[in-house]
Amino acid sequence: MTQAATEVGTSIRPFTVSFPNEDLMDLRKRVKATRWPDKETVNDETQGVRFATMQKLAQYWANEHDWSKCEAKLNSFPHYITEIDGLDVHFIHVRSKHENALPVIITHGWPGSVIEQLKVIEPLTNPTAHGGTAADAFHVVVPSLPGYGFSGKPTAPGWHPVRIASAWTTLMKRLGYTRFVAQGGDWGNAVSEVMALQQPPELLAIHTNMPATVPADINKALFSGQAPPATLTPEERNAWDQLDFFYKKGLGYANEMGLRPQTLYGLVDSPVGLAAWILDHDAQSYSLIARVFDGQKEGLTRDDILDNITMYWLTNTAISSARLYWDTRQVAKGSFFDVRGLKIPVAVSAFPDEIYAAPRSWTERAYPKLIHYNKLPKGGHFAAWEQPGYFVSEVRESFKTFRT
């Protein structure tokens, strides 16, 4: 990694993504030298990421994946670093050529990175070349969360969504934006919703593809193991079933990172171990990735998947990124999907294969100023990455009323 300038404070320094070839050679060597465990003893994924999937991933990673293509794609956009609250924050910043473009800050989650958003930057900033009009244009800011990607790694506790949300507002104001909107899923939703709770006057509205809408009585019933209420609509029952599965069988990674992130030494020593940990985020995403390595065509490619994992490896951010769960757990007063009581306008896109597809009924109760709700026909947790066309359309539609 190289920086083109060394100024500190409130300066904004250009940044170029660059890793030495020795790092890539070491990565391939480690993948090829993997010490493999026994195959799972079941014929499904109930014991975790399957042996055959990981062997196919490792074979492609060691012999065919080309990081230089991803590096070139990253460097096709302007990157910057600026210090906020004592930490270097990395971000991509692309201004639209269109006069009345609306500034938007888009935040990734775990196990994501700015790579998730690369497919949507051009359609959002240059809509006339991608099926839209000049009135659909955005100035796009895509930051790396603290401890992720090319942002600095915190050396003390305390970088949780409240602090990050404040930093993002500082970043947008530092870029000269006096009115802007925010977008996010996963941790990006938590940060965007907390920005909305902080109500900086510059923030007009937010859009989320993983909203926090679960009613308190539903969450209580789920966590206490109760049966689903008989009054649930079919849409609500689907959300209940998705959440019930996730809470019972899908939270292993979050529990470990929330309680003991430093224990995950193996993730920074074994590329295959890191890859398996990242693949096991949620059942639907894992199923999609397994199909991709089986040769099926999906919204993601093998290179997409390995670009993101390679980013975590080369930046050595497996543990520093995991600490976001620990930091948040120290201050959290509820669960991730609890209604937060937002008072500014909110737009929601419900993708069917997200951890849970938020029902319209819950969404309308959670966000009194709901300005947009749509159920998409396809897509999951990594919406911008997997279904960029739907994602771009949703963001354009969500913020139409905030243009001057």
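The structure we're discussing is the one just above.
Quick caveat, the model's predicted, so the values are computed rather than measured. (Residues numbered from 1 in each chain as written. Predicted model: local features only at pLDDT ≥ 70, side-chain atom pairs only at ≥ 80, totals over all residues. Heavy atoms only, no water.)

**Observations concerning the overall build of the protein chain**
- The number of helices and strands found in the protein chain is 16 helices and 10 strands.
- For the protein chain, the spread of C-alpha atoms along the principal axes amounts to about 60 × 55 × 45 Å.
- A total accessible area of about 17,200 Å² is found for the protein chain, and carbon and sulfur atoms account for 51% of it.
- With 40 positive and 43 negative side-chain charges, the protein chain shows a spacing of 2 Å between the two charge centroids. (Helix = DSSP H or I, 4+ residues; strand = E, 2+ residues; numbered from the N terminus. Areas by Shrake-Rupley, 256 points an atom, 1.4 Å probe, with all protein chains shown as cover. Lys, Arg positive; Asp, Glu negative; His and termini not counted. Charge placed at Lys NZ, Arg CZ, Asp CG, Glu CD.)

**So, the environment of lysine 248**
- Take lysine 248: it is sitting in helix α8 (residues 234-249).
- Along the sequence, lysine 248 and glycine 225 sit 23 residues apart, while their C-alpha atoms lie 9.4 Å from each other.

**A look at the packing of helix α3 (residues 67-75) against helix α12 (residues 302-315)**
- The N-to-C vectors of α3 and α12 enclose an angle of 85 degrees; their axes lie 10 Å apart at closest approach. One way to sum up the angle between α3 and α12 is to call them roughly perpendicular. Contacts between α3 and α12 pair Trp67, Cys70 and Leu74 from the former with Asp307, Thr310, Met311 and Leu314 from the latter.
- Of the residues that constitute the contact of α3 with α12, the class distribution is five nonpolar, one polar and one charged. (Axes fitted to C-alpha atoms, helices over the stretch in contact; angles between N-to-C directions. Parallel < 35°, antiparallel > 145°, perpendicular 65-115°, else oblique. Contact = heavy atoms within 4.5 Å. Nonpolar A, V, L, I, M, F, W, Y, C, P; charged D, E, K, R; others polar.)

**Thoughts on empty space enclosed by the protein**
- Overall, the coordinates contain three cavities of 30 Å³ or more when judged by the stated rule.
- Considering only enclosed or pocket space, the largest cavity measures out at about 100 Å³ in volume.
- Around the largest cavity, the lining is made up of 14 residues, and of these Glu116, Gln117, Gly185, Asn209 and His381 lie nearest the centre.
- Along the lines of polarity and charge, the residues of the lining of the largest cavity split into four nonpolar, eight polar and two charged.
- Put simply, the second largest cavity is a space of about 70 Å³.
- In this structure, the second largest cavity is lined by Pro111, Ile278, Leu279, Ile289, Ile305, Asn308, Ile309, Phe382 and Trp385.
- For the lining of the second largest cavity, the secondary-structure elements that each account for two or more residues are α10 (271-279) and α12. (1 Å grid on protein atoms, 1.4 Å probe; cavity = no way out; pocket = protein on both sides within 12 Å on 5 of 7 lines; lining within 4 Å. Points joined across faces, edges and corners; volume = space filled by probe spheres on them.)

**Some points on the pattern of salt bridges**
- Considering all chains together, one arrives at 15 salt bridges under this definition.
- Between aspartate 85 and arginine 163 there is a salt bridge; the shortest N-O distance is 2.7 Å. In this pair, aspartate 85 is assigned in the loop between β3 (79-84) and β4 (87-94) and arginine 163 in helix α5 (residues 161-174), connecting sequence segments 78 residues apart.
- A salt bridge links glutamate 298 to arginine 291; the nearest nitrogen and oxygen atoms lie 2.7 Å apart.
- Judged by its relative accessible area of 29%, arginine 291 falls in the partly exposed class. (Salt bridge = Lys/Arg side-chain N within 4 Å of Asp/Glu carboxyl O. Buried < 20%, exposed > 50% of the residue type's maximum accessible area, 1.4 Å probe, protein only.)

**Some thoughts on the side chain of glutamate 236**
- In this structure, glutamate 236 sits in helix α8.
- Among buried charged residues, glutamate 236 stands out as having no salt bridge; its nearest opposite-charge side chain is arginine 365, 4.5 Å away.
- Not counting chain neighbours up to four residues away, the residues in contact with glutamate 236 comprise Thr231, Pro359, Ser361 and Trp362.

**Observations concerning the packing of aromatic side chains**
- Inspection of every chain in the model, using the stated rule, returns 18 aromatic pairs.
- Its end group placed over the ring of phenylalanine 138, arginine 403 keeps NZ or CZ at 4.4 Å from the ring centre. (Phe/Tyr/Trp six-rings, centres within 6.5 Å; stacked < 30°, edge-to-face > 60°. Lys NZ or Arg CZ within 6 Å of the ring centre and 35° of its normal.)

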